[in-house]
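# An overview of the molecular structure
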Amino acid sequence: MIQGKKRTEAEYRKLPEDSSSSLKEFAQNRKKYYKRYILGEKVEDEEDTKATIIGRVVETLLLEKDKFDEKFHLSTVLNAPTGNMALFVEALYKHNKSGLFKEFEDCLKEAYKDSGYKLPFETILKKFNGSDAEIYFKEITEIRSKGLTVVTLQDVQNAEKIVEELKNNEFTREIFELLENSNPDIEIHVQVPIENYEIDELPLKSLFDIFIINHKTKSIKVYDLKCVWSVEGFTYDYYLYRLAYIQAYLYYNAALDFKSKNEKYQYYHVDFPSFIVCDSINYFSPLIYELSSDDIQDAYVGFERNGRKYKGVKEIIEELKWAKEYNIWNISKKNYEKQGKTSLWS
């Protein structure tokens with residue numbers, strides 16, 4: 001969906017089709033998938049890491065700078081809490097939001113337990129009261145309910161440096177120069193939604209960060225931007241750990257679907273997608289991780305690395321379609337068909 005009015009990200013999120021995010025959630029926690037996507041309940045996600053927050057700021061400043069205020073709130077404190085105080089503030093936010101405790105004092109005590117502080121509770125309370133940490137807590141309590149992410153000036157300044165690095169780095173500048181310099185041979189689009197395509201008869205949607213159509217080479221290419229703690233450890237620390245191979249496979253098929261539905265691109269080649277990976281503290285050089293045909297095949301059928309098995313998109317979709325058809329969410333298809341009897345190593 002490139003022609004015509006492009007959907008907003010919020011509109012895209014409301015579309016009913018599954019996505020790489022929902023498939024990943026089903027693969028990791030089908031109970032959470034069932035609550036979020038079947039029952040339509042609001043499910044509390046794990047708190048964002050600093051890297052993911054910086055990554056979203058980088059993505060917005062780089063690709064959709066005019067939408068910053070729609071996604072973020074700039075905190076009045078220069079620096080967000082760190083260390084145990086950061087854990088304390090996030091735990092306090094969680095307990096205060098849950099409504100399980102009638103008194104705020106009880107929330108404070110539970111947050112103290114969760115934070116891992118060794119100092120006495122009274123000492124931590126004195127450090128918290130009237131501090132920037134308390135201001136930050138009040139901000140996230142108010143702002144997160146509005147669907148915004150609280151960021152500090154330091155976060156934004158750090159993200160701006162990463163953006164400049166991506167634009168000027170010898171390995172990535174050629175891609176980002178296309179965003180600012182017109183080229184009649186190349187179309188470049190950002191935040192592109194591809195809707196209602198299918199893999200194994202499951203309706204899907206994807207949202208490309210960067211989508212390039214090169215009329216000179218007759219090629220179509222998708223890039224996804226990732227901001228991580230370890231650029232050179234991306235393969236194991238992110239691609240495998242966060243099941244990003246699911247996203248890669250879906251993006252490749254979404255691009256193929258785009259080509260098949262647009263006759264003028266009939267003779268264009270769809271390249272395998274790549275991940276542009278930057279450092280969340282802007283120390284290490286960004287790298288472009290390119291996928292091969294073997295990577296795409298593995299992502300579909302499943303594979304094993306260092307003794308661990310990773311389910312492929314084929315098996316995940318098969319499991320999901322079965323769960324939807326029979327409305328069974330508390331056991332896998334394989335174990336149901338085995339009548340609840342399984343081996344230790346299956």
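What comes next is a walk through the structure. (Residues numbered from 1 in each chain as written. Predicted model: local features only at pLDDT ≥ 70, side-chain atom pairs only at ≥ 80, totals over all residues. Heavy atoms only, no water.)

### Some points on the overall build of the protein
Short version of the rule: For the purposes of this entry, the term helix denotes a DSSP run of H or I that reaches at least four residues, the term strand denotes a run of E that reaches at least two, and both are numbered from the N terminus. To get the radius of gyration, use the C-alpha atoms; to get the globule rule, take the number of residues to the power 0.38 and multiply by 2.2 Å. Three labels apply to residues, based on accessible area from a 1.4 Å probe with only protein chains included: buried if under 20% of the type maximum, exposed if over 50%, partly exposed otherwise in between. Throughout, a residue-residue contact means that at least one pair of heavy atoms, one from each residue, lies within 4.5 Å. Residue-level accessible areas treat just the shown protein chains as cover; the underlying method is Shrake-Rupley with a 1.4 Å probe. Residues scored as charged are limited to Lys and Arg (positive) and Asp and Glu (negative), so that His and the chain ends carry no count. Where a charge lies is defined by one atom per residue type, namely NZ (Lys), CZ (Arg), CG (Asp) and CD (Glu).
Counting its regular elements, the protein contains 16 helices and 10 strands. On C-alpha atoms alone, the protein measures out to a radius of gyration of 22 Å, which is about the 20 Å that the 2.2 N^0.38 rule sets for 346 residues. C-alpha atoms of the protein, sized along the principal axes, occupy 70 × 60 × 40 Å. The burial tally for the protein puts 46% of its 346 residues in the buried class. Put simply, 66% of the contacts in the protein that link residues at least 6 apart link residues at least 24 apart. Of the roughly 19,600 Å² that the protein leaves accessible, carbon and sulfur atoms contribute 48%. Computed over 51 positive and 59 negative side-chain charges, the separation of the two mean positions in the protein equals 4 Å.

### Some words on the pattern of salt bridges
Here is the rule: Only one rule defines a salt bridge in this text: a Lys or Arg side-chain nitrogen within 4 Å of an Asp or Glu carboxyl oxygen.
Under the criterion given, the structure shown has 18 salt bridges. Among the ionic pairs, Glu 25 bridges to Arg 36, the shortest N-O distance being 2.8 Å. Of this pair, Glu 25 sits in helix H2 (residues 20–28) while Arg 36 sits in helix H3 (residues 30–38), and the two are 11 residues apart along the sequence. Classification of Arg 36 as partly exposed rests on a relative accessible area of 21%. With a closest N to O distance of 3.3 Å, Arg 30 and Glu 319 form a salt bridge. Here the residue Arg 30 occupies a position in helix H3, and Glu 319 occupies one in helix H15 (residues 313–326), the gap between them amounting to 289 residues.

### Overview of the nonpolar core
Our working rule: Buried Ala, Val, Leu, Ile, Met, Phe, Trp, Tyr and Cys residues that are joined via side-chain atoms within 4.5 Å together make up what is termed a nonpolar core.
Ranked by size, the top nonpolar core spans 52 residues in total, and within it Leu 23, Phe 208, Phe 211, Ile 220, Tyr 239, Leu 250 and Phe 275 carry the most contacts. Of the residues forming this core, the biggest block, 11 residues, is contributed by helix H13 (residues 244–260). With residues up to four places along the chain from it excluded, the contact list for Tyr 239 reads Phe 234, Ala 244, Tyr 245, Ala 248, Phe 275, Leu 291 and Asp 295. One finds Leu 62, Leu 63, Ile 175 and Phe 176 within the second-largest nonpolar core, a separate group that totals 26 residues.

### Structural notes on the packing of helix H6 (residues 83–98) against helix H9 (residues 132–143)
Cut-off, in case you're wondering: Geometry is summarised by axes, namely lines fitted to C-alpha atoms with helices restricted to the contacting stretch, and by angles between N-to-C directions that run from 0 to 180 degrees. Helix crossings are classified by the rotation of the near helix relative to the far one: an anticlockwise turn of less than a right angle makes the crossing left-handed, while a clockwise turn makes it right-handed. Three classes are used, and their members are as follows: Ala, Val, Leu, Ile, Met, Phe, Trp, Tyr, Cys and Pro are nonpolar, Asp, Glu, Lys and Arg are charged, and the others, Gly among them, are polar.
One can describe the packing of H6 onto H9 by two numbers: an axis separation of 10 Å at closest approach and a directional angle of 35 degrees. The chirality of how H6 crosses H9 is right-handed. On the side of H6, the interface is formed by Met 85, Val 89, Glu 90, Leu 92, Tyr 93 and Asn 96, while H9 contributes Ala 133, Tyr 136, Phe 137, Ile 140 and Thr 141. Along the lines of polarity and charge, the residues of the contact of H6 with H9 split into 8 nonpolar, 2 polar and 1 charged.

### Focus: helix H14 (residues 293–301)
Under the convention used in this document: By definition, the arc is the one covered by directions from the helix axis to the C-beta atoms.
Within H14, the full set of buried residues consists of Ile 296, Ala 299 and Tyr 300. Summarising the axial view, the buried residues of H14 lie within an arc of 95 degrees, below the 170-degree limit, and thus occupy one face. If you follow the buried residues of H14, they end up packed against strand S3 (186–199), H13, strand S9 (303–305) and H15. Taken from the residues just after H14, Gly 302 is the one with a positive phi, measuring 100 degrees.

### Remarks on the packing of aromatic side chains
We apply this condition: Two rings belonging to Phe, Tyr or Trp (six-membered ring only in the last case) form a pair when the distance between their centres is within 6.5 Å. Interplanar angles under 30 degrees mark stacking, angles over 60 mark edge-to-face geometry, and anything in between is tilted.
Applying the stated criterion across every chain, the model contains 29 aromatic pairs. Consider the rings of Phe 128 and Phe 137, whose centres lie 6.3 Å apart with planes at 65 degrees: the pair is edge-to-face. Its relative accessible area of 1% is what places Phe 128 among the buried residues. The interplanar angle of 75 degrees and the centroid separation of 6.1 Å between the aromatic rings of Tyr 239 and Phe 275 together place this pair among those described as edge-to-face. One end of the pair, Tyr 239, is in helix H12 (residues 234–240); the other, Phe 275, is in strand S7 (residues 274–279), and 36 residues separate them in sequence. Grouping residues by exposure puts Tyr 239 and Phe 275 together as buried.

### Details of the side chain of Thr 172
Selection criterion: The definition of a polar contact used here is a pair of N or O atoms within 3.5 Å, where within protein one atom must be able to donate a hydrogen and the other to accept one, and adjacent residues in sequence count solely through side-chain atom pairs.
Among the structural elements, Thr 172 can be located in the loop between helix H10 (153–168) and helix H11 (173–180). The exposure class of Thr 172 is buried, given its relative accessible area of 0%. Within the structure, Thr 172 has its side chain in polar contact with the backbone oxygen of Leu 166 (distance 2.7 Å). Excluding anything up to four places from it in sequence, Thr 172 contacts Glu 165, Leu 166, Ile 276, Pro 286 and Ile 288.

### Some remarks on the packing of H2 against H13
Here H2 crosses H13 at 145 degrees, and the two axes come no closer than 9 Å. Judged by the sense of rotation from one axis to the other, the crossing of H2 with H13 is right-handed. Mapping the contact onto sequence places Ser 20, Leu 23 and Lys 24 in H2 and Ile 246, Gln 247 and Leu 250 in H13. A per-class count over the contact of H2 with H13 returns 3 nonpolar, 2 polar and 1 charged.

### What about the pairing of S3?
Here is the rule: Strand pairing requires that DSSP identify at least two bridges connecting the strands.
Pairing of S3 with strand S4 (residues 202–214) involves 11 bridges; the strand directions are antiparallel. Directly across from Tyr 197, in S4, lies its bridge partner Leu 204. Between the antiparallel neighbours S3 and S4 lie 2 residues, among them Asp 200 with a positive phi of about 50 degrees.

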